[in-house]
Amino acid sequence: MAKCGVCFRHCELREGETGFCGGRTCREGVVRAANYGLVTSLALDPVEKKPLNRFCPGKLVLSVGSYGCNLRCPFCQNHEISWSAKAMRSALSAERITPEELTALALEYKSRGNIGLAFTYNEPLIGWEFVRDAAKLAHEAGLKNVLVTNGTAELAILAELAPYIDAMNIDLKGFTDRYYSKVLSGDRQQVMAFIEAAVKTCHVELTTLIVPGENDGVEEMRRLAQWVSRLKTRDGEGVALHISRFFPRFRMRDRAATEVGTVYRLAEVAREALEYVYTGNC
Ligand code: SF4
């Protein structure tokens with residue numbers, strides 16, 4: 001039996017067993033990334049799509065995803081590679097790529113405006129070993145690295161990656177423990193601790209998806225924004241918050257898309273405390 005130290009679940013796995021996230025497995029008595037180098041998605045995306053609005057604007061970033069996730073958001077836009085039955089099958093059709101090959105590809109795209117690598121689409125921290133190896137090589141080649149994450153990981157994992165990551169977009173999906181634990185199967189306290197530590201290591205922007213009836217209250221947004229306002233980037237600037245619109249997807253189709261007016265109203269509430277607030281999907 002071996003214990004995984006990546007996230008709050010601390011899955012205890014027997015030889016050959018796979019953890020809750022589907023991306024880590026116990027082999028030779030150690031829990032490791034089963035999804036190491038297995039790529040399900042690869043695209044040259046605008047940096048703004050991560051979303052990052054205050055980091056290398058107008059540039060592109062070679063974005064790479066694997067499979068698996070340690071949350072269970074019922075509305076996941078990437079459920080085909082995150083946590084559905086199909087996501088687990090996607091492992092079988094994933095293409096294997098080495099950190100060296102990925103870095104070479106990123107360099108090839110440099111002439112088209114590529115700044116480096118973005119680890120995204122599924123939850124990259126459950127396969128942090130590949131992120132570390134590829135990001136290290138990318139840095140050595142003069143490229144930048146971006147991490148798009150749900151922030152559900154121990155600080156020891158952040159410490160492993162911090163030397164190689166230049167920017168992160170981290171989800172702060174709501175501001176109640178109930179929403180995190182009951183709806184997302186997550187742990188808000190772990191995410192908040194991760195964000196507090198991450199802002200000291202690199203450029204960080206945050207994203208909150210507004211789901212009707214779950215996290216769309218004015219008071220909740222006010223408390224969230226006030227907490228974010230106490231964070232400061234390394235250069236003393238405020239942290240940007242992206243507030244985005246929910247669409248019914250995957251297992252949450254029992255409600256309509258968030259009213260655009262609600263997103264705009266909540267953005268105004270956030271602006272009471274924050275300098276950089278952006279709306280998304282509107
Ligand atoms: S990263 Fe995966 S295997 Fe590790 S504790 Fe979290 S859910 Fe379990």
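Above this text sits the structure in question.
> Honestly, helix α3 (residues 128-140) in this entry has me stumped. Any pointers?
Owing to its 3.6 residues per turn, the α-helix aligns residues three or four sequence positions apart on the same side. Over its 13 residues, α3 extends 18 Å from the first C-alpha to the last, a length consistent with the 18 Å expected when each residue adds 1.5 Å. Turning to α3, its buried residues number three or more, namely W128, E129, F130, V131, A134, A135 and A138. Residues of α3 that are buried in the fold lie against β3 (24-27), β4 (30-33), α2 (99-108), β9 (114-119), β10 (144-149) and α4 (155-161). Just downstream of α3 lies G142, where phi reads positive at about 85°.

> Is there a simple way to think about empty space enclosed by the protein in this case?
If a probe as big as a water molecule is rolled over the atoms, it shows which places are left empty. This structure, assessed with the given rule, holds 2 cavities of 30 Å³ or more. Approximately 130 Å³ is the volume found for the largest cavity. For the lining of the largest cavity, the secondary structure elements donating two or more residues are β5 (38-39), β7 (60-65) and α3. Taken together, the residues of the lining of the largest cavity break down into 8 nonpolar, 7 polar and 1 charged. Lining the second largest cavity are 13 residues, with C4, C7, C11, C21 and R24 sitting closest to its centre. Taken together, the residues of the lining of the second largest cavity sort by class into 8 nonpolar, 3 polar and 2 charged.

> Any chance you could explain the packing of α2 against α3 here in plain terms?
The relative placement of two packed helices is expressed as an angle between their axes plus a distance between the axes. Two numbers describe how α2 lies on α3: the axes approach to 9 Å, and their chain directions differ by 45°. Put simply, α2 runs oblique to α3. Between α2 and α3 lies a crossing of right-handed hand. Contact residues: P99, E100, L102 and T103 in α2; F130, D133, A134, L137 and A138 in α3. Taken together, the residues of the contact of α2 with α3 break down into 6 nonpolar, 1 polar and 2 charged.

> Which parts of the structure should I look at to understand the sheet that holds β9?
By definition, the strands of a sheet pair up through backbone hydrogen bonds, in either a parallel or an antiparallel sense. Strand order in the open sheet formed by 8 strands is β6-β7-β9-β10-β11-β12-β13-β14, and the pairing between neighbours is mixed. Both outer strands of the open sheet, β6 (41-46) and β14 (277-280), are each paired with one neighbouring strand and no more. Neighbour-to-neighbour, the strand axes of the sheet open up by a mean angle of 20°, direction not taken into account. Pairing between β7 and β9: 4 bridges, direction parallel. Looking at β9, one finds that L62 is bridged to L117.

> Can you walk me through the environment of A141 in this structure?
When you line up the elements, A141 lands in the loop between α3 and β10. Separated by 134 residues in sequence, A141 and C7 have C-alpha atoms that sit 30 Å apart. In this view, A141 contacts T103 and L107; residues no more than four positions away in its chain are not counted.

Parameters and conventions
- Residues numbered from 1 in each chain as written.
- Predicted model: local features only at pLDDT ≥ 70, side-chain atom pairs only at ≥ 80, totals over all residues.
- Heavy atoms only, no water.
- Helix = DSSP H or I, 4+ residues; strand = E, 2+ residues; numbered from the N terminus.
- Expected span 1.5 Å × (residues − 1).
- Buried < 20%, exposed > 50% of the residue type's maximum accessible area, 1.4 Å probe, protein only.
- Contact = heavy atoms within 4.5 Å.
- 1 Å grid on protein atoms, 1.4 Å probe; cavity = no way out; pocket = protein on both sides within 12 Å on 5 of 7 lines; lining within 4 Å.
- Points joined across faces, edges and corners; volume = space filled by probe spheres on them.
- Nonpolar A, V, L, I, M, F, W, Y, C, P; charged D, E, K, R; others polar.
- Axes fitted to C-alpha atoms, helices over the stretch in contact; angles between N-to-C directions.
- Parallel < 35°, antiparallel > 145°, perpendicular 65-115°, else oblique.
- Left-handed = near helix turned anticlockwise from the far one by under 90°.
- Pairing = 2+ DSSP bridges.

Function cannot be read off these values alone, since they describe shape.
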